[in-house]
Every structure is written in C-alpha cells, then in structure tokens.
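Results of the structural survey
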Amino acid sequence: MIKKQMETDLLTMVESGGCSAKISPLKLEEILKYLPLPDDPNILVNIETHDDAGVYRVNDELALVLTTDFFPPVCSDPYEFGQIAAANSISDVYAMGGDPVVALNIMMFPEDRLPLEVYSGILRGGSDKASEAGTKIIGGHTIDDFPPKYGLAVVGYVHPERIITNAGAKPGDSLILTKPLGTGVILAARRLGITSEDDLILAKTVMKQLNRSGAEVMKKFGIKGATDVTGFGLAGHALKMAKASGVSIKLNLSRIPFIGDTYSLIDKGCIPGAAFRNLDYAEKNTLFYPDLDYNLKMAAFDAQTSGGLLICTPSGNETEFIAELKKNGVVSASVVGSVGEFDGNYLNLCN
Amino acid sequence: MHILDTRGQQCPAPLIATRKALRESPDGTAFRILTGSRNALNNISKFLTDNKIIYSVQEEPDFWTITVNKGNDNESAAK
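Residues numbered from 1 in each chain as written. Chains lettered and ligands numbered in written order. Predicted model: local features only at pLDDT ≥ 70, side-chain atom pairs only at ≥ 80, totals over all residues. Heavy atoms only, no water.

**A few points about the overall build of chain B**
Looking only at helices and strands, chain B features three helices and four strands. Start at the N end of chain B and walk to the C end: the helices and strands fall as β-α-β-α-β-β-α. Here chain B has a C-alpha radius of gyration of 11 Å; the compact-globule value for 79 residues is 12 Å, and the two agree. Each principal axis of the C-alpha distribution contributes one length, and for chain B these read about 35 × 20 × 20 Å. Excluding contacts between residues fewer than 6 apart, the proportion of contacts in chain B whose partners are at least 24 apart in sequence is 68%. (Helix = DSSP H or I, 4+ residues; strand = E, 2+ residues; numbered from the N terminus. Rg over C-alpha atoms; globule rule 2.2 N^0.38 Å. Contact = heavy atoms within 4.5 Å.)

Rendered as structure tokens:
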C-alpha cells in the first residue's frame, strides 16, 4: 500500500533502530574468527584490533581510511534519519584521525510500501551532512527491502604515521568523552511514548553532530589512541580499546554526562536489549566494583548511535585538551576514566 | 499471585513492568510476568540474574511465564 498523503513515521517500522540493531558482539567475534585476514604490508589497520575503520597505505605520505555503516531508522523524519546515518558513518574516519573525502550511499528501501519522497528525504539528509563534513557522495546502491536502512561507505585520507587507533591507549592516559550518553535509551523510550519532546530533540542534536571538531583537536594534540562510541556502548568500546592496547581501562561512571532523563528512564527499567547483549560480551573481562550503581552500569552498555569520541590524552593535558574542544564547539567534553597497566581485567567499572 | 501480562508489548516495556512490580511488591511475595517475546524473556532473565533475584521460567506453547520471588534481601533491584 502506498501512503502518499500521510506523514511517514519511520520509527514505527523498527523494534531496534540505529546502532542498537547491530549483531551481538559475542556472535560477531565467533563469526570473525573464521574469516582469513589478508596479509599485505600496506594494510596498516585491520579488523584484529576491532578498530572503527581499515587503513591501507598508498605511499609514505598517504593512507586510505575505509569504513561502512548502515542501520534502520532512529527517528521519525526521513531527512533527519539521513543526517544521523551519515554523521555516524563518517565518524569512523574521524575516530581514526582521518579526513573524510568521498562516500557512497548504501540504501535499503521498500519501494512498494513507502512514498518515494521518503527515499529522497533520507538521501538529502545524508548528502547535506556529508557536505558539512566536506565529503563528496559520488554514487551508491539501493536494494528493495523493508524496513528501510541507510548509511555510507566512506573513504578518507590519513598520513600513515598519524593514524589514531584502538591500540594507542597508554598507561597514564586520561579518557575524554565528547558527547553525552543515552541515545539508545531515549530512542527506546520514544518508541514506547515515555520520553519528553525536549529529550528527543536533544538526542537527535547529539546524533547529528559531526565528530569533526573533536578530530581536529586530536590531530592538533598528536593523539594516538581513540575510538568512537557506537553500538557496543561506552563500556564495550572501552573494552575493545583496552584489549587492542594490552592495558586496563577504568571508567568512573558517575562522571558520564547524560542526555536529558536517560538515568531516570534506566531506573524505570527502560533498558534496551542491546545493552544486555553488550554486557554479556564484556562481563568476562570486566571487574565491576561491588558498590557499582546498576543504572550507571547499564548506561555504560547502552548502544549509542553516532556517539562521541573516546580519546586517550596524556595525564596532565586534560584541562587544556577539554578547553580546546570547547573552543571548537564540542559542548560536552569530560574526563570519564583512565588507562593503567594491565591488572588482570581489561575493564574496571566503578561509580 | 499478581500477574503482569506483557504479551504484545514492545521491548523494553516488559522490563519496565517487571522493575515496577519488584519495587511495589511486598518482600517475601511472588509475581508472574507473561511475555511472548524471546528478547523480552532474555532481557528480563538477565536483569533478574544480574540483581541476584530468584526466578523461574515456564515455557507455554506461544509465550513464557516468568515467576519472580521477591525475597527479603532483594534491595539491590530497588536501588
């Protein structure tokens, strides 16, 4: 049925949108074990370190950062969904210290069930967000499928000696997070009709925000270790970073900035399934402090869509680094943890 | 016994109902949650296990019944 007259609410078509729709990290790890890793000295970053993107050296001055990401709707409006999906895809290049250059659209769209204006709305949102990032979309591919899904495959440039990876965390570093948490919780609450309009607008603003300024500041400070926080949650991505770097990461969860009423929604039991799957994945490598607040713990595992950067900065530099972030328009930047020598648990979670 | 029928509800509504019932039920009592969603079953089970709350699951032809025993030392769930 073609619903031409009605406003299309994309959010009614999915049970888990955005990065919450990611496959469980435990299952993914099981599958990837059987995937052969190509051997080539020009492959500078591959999947071994669970990084945000692959990096391939072209010459001594240039390497390509390659990444793709797509997901089902996270909001009702097609244009906004396009913006958020594009910001999320491009973020992986920023997290690696790269500059996004060109991209391809990846679209799954049910042409018999939705008006084509929805299709063009999503693409316009993606295109405008890519332009904001200085990225040119030069093609794409569409498959007929329901519910719709959208994202980009992005190619960026990075100097081979200035790549920022999951493996760059060093004992003594402080961890800085550049966006507040809670998009998974707020979106789940929105589907149930229990979130405020203000919180929804806040969440969408957070998801649309490019990680560009954060990436610029990282480059200026010569940062070596960072990742962006998406489907595996703050704790899940911190764990991947700790494993890749052979260190222990401690997160002080009471320092996390939240979007609106995220904490009280969790307290009511509004905890999306993705948070439990992320917890399942991380449990065996994590020390939970005995007095750890349960709501904070689940917030740390909430799947984020287009989340912030988690940046390793040498201890002592935090104030200067955060001041620079704020000067560049990153409104929510705070120290949320620290890196130490490996102590038997890759991840330590405390209040 | 108090029964929460969450069949047909989208996640995480069944978990919200569970947490509310845990807070409101008197200590030492039990209640039941009915759900037709495997995701909801998994999430509620994980939540209860994580909070050291005793429960049991019975599989019916097209739904599950989770019986939750709110003991006298289940304060952690209410935190």
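**Considerations on the pairing of strand β4 (residues 64-70) of chain B**
Residues and elements named next belong to chain B. In terms of burial, β4 is largely enclosed, as six of its seven residues are buried. By the bridge criterion, seven bridges tie strand β2 (residues 29-35) to β4 in an arrangement that is antiparallel. Considered in β4, the bridge of Ile33 is made with Ile66. Sheet topology places strand β3 (residues 54-59) next to β4; six bridges connect them, and they run antiparallel. (Buried < 20%, exposed > 50% of the residue type's maximum accessible area, 1.4 Å probe, protein only. Pairing = 2+ DSSP bridges.)

**What about the side chain of Lys240 of chain A?**
Residue and element names in this part refer to chain A. Of note, Lys240 is situated in helix α7 (residues 233-245). Of the buried charged residues, Lys240 lacks a salt bridge, with Glu29 as the closest side chain of opposite charge at 5.1 Å. Look past the residues within four positions of Lys240 in its chain and what remains in contact with it is Thr49, His50, Asn166, Phe232 and Tyr281. (Lys, Arg positive; Asp, Glu negative; His and termini not counted. Salt bridge = Lys/Arg side-chain N within 4 Å of Asp/Glu carboxyl O.)

**Focus on the packing of aromatic side chains**
Under the counting rule described, the total for this entry stands at seven aromatic pairs over all chains. Between the aromatic rings of Phe258 of chain A and Tyr263 of chain A, the centroid separation amounts to 6.3 Å while the plane-to-plane angle is 50 degrees, which identifies the pairing as tilted. Taking 4.6 Å as the distance between ring centres and 45 degrees as the angle between the ring planes, the aromatic pair formed by Phe342 of chain A and Tyr346 of chain A counts as tilted. Here the aromatic residues Phe71, Phe81 and Tyr150 of chain A are joined through ring pairs into a cluster of three or more. Against the face of Phe63 of chain B rests Arg7 of chain B, its NZ or CZ located 4.4 Å from the ring centre. (Phe/Tyr/Trp six-rings, centres within 6.5 Å; stacked < 30°, edge-to-face > 60°. Lys NZ or Arg CZ within 6 Å of the ring centre and 35° of its normal.)

**Describing the sheet that holds β4 of chain B**
Residue and element names in this part refer to chain B. Taken together, four strands build an open sheet; the order of strands is β1-β2-β4-β3 and the sheet is mixed. A strand with exactly one partner marks an edge of an open sheet, and here the two such strands are β1 (2-5) and β3. Across the sheet, the mean angle separating the axes of adjacent strands is 20 degrees when strand polarity is ignored. Across the sheet, helix α1 (residues 13-24) touches β1, β2 and β4, and the angle it forms with β2 is around 170 degrees. Lying over the sheet, helix α2 (residues 38-50) contacts β2, β3 and β4, oriented at roughly 15 degrees with respect to β4. (Axes fitted to C-alpha atoms, helices over the stretch in contact; angles between N-to-C directions.)

**A closer look at the nonpolar core**
Counting residues in each nonpolar core, the largest one holds 61 residues, and the members touching the most others are Leu175, Ile249 and Leu251 of chain A. For this core, the leading source of residues is α7 of chain A, giving six residues. (Core = buried A, V, L, I, M, F, W, Y, C linked by side-chain atoms within 4.5 Å.)

**Focus on a nonpolar patch on the surface**
Taken together, the side chains of Tyr56, Val58 and Leu66 of chain A make up a nonpolar region of the molecular surface, amounting to roughly 240 Å² of accessible area. Take Tyr56 of chain A: it is sitting in strand β2 (residues 54-57). (Patch = residues over 30% accessible without salt bridge, like charges linked within 9 Å, V, L, I, M, F, W, Y side chains within 5 Å. Areas by Shrake-Rupley, 256 points an atom, 1.4 Å probe, with all protein chains shown as cover.)

**Regarding the interface of chain B and chain A**
Contacts between chain B and chain A engage 15 residues on the former and 21 residues on the latter. Regarding the contact of chain B and chain A, the summed buried area is about 1,500 Å², with carbon and sulfur atoms giving 51% of it. Among the residues of chain B in contact with chain A, Gln10, Arg19 and Lys46 of chain B are the three that bury the most area, contributing 34% of the side total. Run the count over chain B and chain A and you get four salt bridges. With a shortest N-O distance of 2.9 Å, Lys46 of chain B and Glu283 of chain A are connected by a salt bridge. Linking chain B with chain A are eight residue pairs in polar contact (both at pLDDT 80 or more). Elements represented by at least two residues in the side of chain B that touches chain A include exactly α1 and α2 of chain B. Residue composition of the side of chain B that touches chain A, grouped by class: six nonpolar, four polar and five charged. (Buried area = accessible area lost by both parts, 1.4 Å probe. Polar contact = N/O pair within 3.5 Å; in protein donor to acceptor, adjacent residues only side chain to side chain. Nonpolar A, V, L, I, M, F, W, Y, C, P; charged D, E, K, R; others polar.)

**A word on the sheet that holds strand β9 (residues 247-252) of chain A**
Whenever strands of a sheet pair, they do so through backbone hydrogen bonds, lying parallel or antiparallel. Residue and element names in this part refer to chain A. The seven strands are arranged β8-β11-β7-β12-β9-β13-β10 in an open sheet whose pairing can be described as mixed. Strands at the two margins of the open sheet, each flanked by one partner only, are β8 (226-228) and β10 (286-288). The sheet shows a mean angle of 25 degrees between the axes of neighbouring strands, taken without regard to direction. For β8 and strand β11 (residues 309-314), the ladder comprises three bridges, and the chain directions are antiparallel.

**Concerning the pattern of salt bridges**
By the definition in use, this model includes 17 salt bridges over all chains. Two residues, Lys220 of chain A and Glu324 of chain A, come together in a salt bridge whose shortest N-O distance is 2.8 Å. Taken together, the residues Lys220 of chain A in helix α6 (residues 212-220) and Glu324 of chain A in helix α11 (residues 318-327) connect sequence positions 104 residues apart. Judged by relative accessible area, Lys220 of chain A falls into the exposed class, the value being 57%. One salt bridge in this structure joins Arg7 of chain B and Asp5 of chain B, with 2.8 Å as the shortest N-O distance. You can call Asp5 of chain B partly exposed: its relative accessible area is 39%. Residues joined by salt bridges that share partners form a network here, namely Glu80, Lys204 and Lys208 of chain A.

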